[in-house]
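# Results of the structural survey
Residues per chain are reported as follows:
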Amino acid sequence: MARLKVQQKKSAIGVKPQHRETLRSLGLKRIGDIVVKEDRPEIRGMVKAVDHLVTVEEVE
């Protein structure tokens, strides 16, 4: 199964509380943090909600 590498690129300061909670749910705490998650619809939805704060790559 494919995996997604998600990296936080921008700060969560000043963003909506829902976006901040989404970052925490993904496991991102600070700028530069990287997490690798399974490519599932739930994860894709969370990434899409905070796409202005993160970068995403597919890894295998």
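Overview of the structure. Here the structure is a predicted model, which is why all the values come from computation and not from measurement.

## Observations regarding the overall build of the protein chain
Looking only at helices and strands, one finds two helices and three strands in the protein chain. If you list the helices and strands of the protein chain from N to C, you get β-α-β-α-β. A compact globule built from 60 residues would reach a C-alpha radius of gyration of about 10 Å, and the protein chain, at 11 Å, matches this within 12%. A burial count over the protein chain gives 30% of its 60 residues as buried.

## Observations concerning the packing of helix 1 (residues 17–26) against helix 2 (residues 41–49)
At their nearest, the axes of helix 1 and helix 2 sit 9 Å apart, and the two run at 140° to each other. With respect to their mutual orientation, helix 1 and helix 2 come out oblique. Remark: the crossing between helix 1 and helix 2 carries left-handed chirality. Within the contact between the two elements, helix 1 uses His19, Thr22, Ser25 and Leu26 and helix 2 uses Ile43, Met46, Val47 and Ala49. Split into classes, the residues belonging to the contact of helix 1 with helix 2 amount to five nonpolar, three polar and no charged.

## Considerations on the nonpolar core
Within the largest apolar cluster, 13 residues are counted, with the highest numbers of intra-cluster contacts made by Val6, Leu23, Leu28 and Val54. Put simply, the parts of the chain that give this core at least two residues each are strand 1 (3–8), helix 1 and helix 2. When near neighbours in sequence (up to four residues on either side) are disregarded, Val6 contacts Leu28, Asp33, Ile34, Val35, Val47, Val54 and Thr55.

## A few points about the side chain of Asp33
Its location among the elements puts Asp33 in the loop between helix 1 and strand 2 (34–38). Of the side chains bearing the opposite charge, Arg30 lies closest to the buried Asp33, which forms no salt bridge; the N-O distance is 4.3 Å. Reaching out from Asp33, the side chain makes a polar contact with the backbone nitrogen of Lys29 at a distance of 3.0 Å. With residues near it in sequence (within four places) discarded, Asp33 still touches Val6, Gln7, Gln8 and Leu28.

Criteria and cut-off values
Residues numbered from 1 in each chain as written. Predicted model: local features only at pLDDT ≥ 70, side-chain atom pairs only at ≥ 80, totals over all residues. Heavy atoms only, no water. Helix = DSSP H or I, 4+ residues; strand = E, 2+ residues; numbered from the N terminus. Rg over C-alpha atoms; globule rule 2.2 N^0.38 Å. Buried < 20%, exposed > 50% of the residue type's maximum accessible area, 1.4 Å probe, protein only. Axes fitted to C-alpha atoms, helices over the stretch in contact; angles between N-to-C directions. Parallel < 35°, antiparallel > 145°, perpendicular 65-115°, else oblique. Left-handed = near helix turned anticlockwise from the far one by under 90°. Contact = heavy atoms within 4.5 Å. Nonpolar A, V, L, I, M, F, W, Y, C, P; charged D, E, K, R; others polar. Core = buried A, V, L, I, M, F, W, Y, C linked by side-chain atoms within 4.5 Å. Lys, Arg positive; Asp, Glu negative; His and termini not counted. Salt bridge = Lys/Arg side-chain N within 4 Å of Asp/Glu carboxyl O. Polar contact = N/O pair within 3.5 Å; in protein donor to acceptor, adjacent residues only side chain to side chain.

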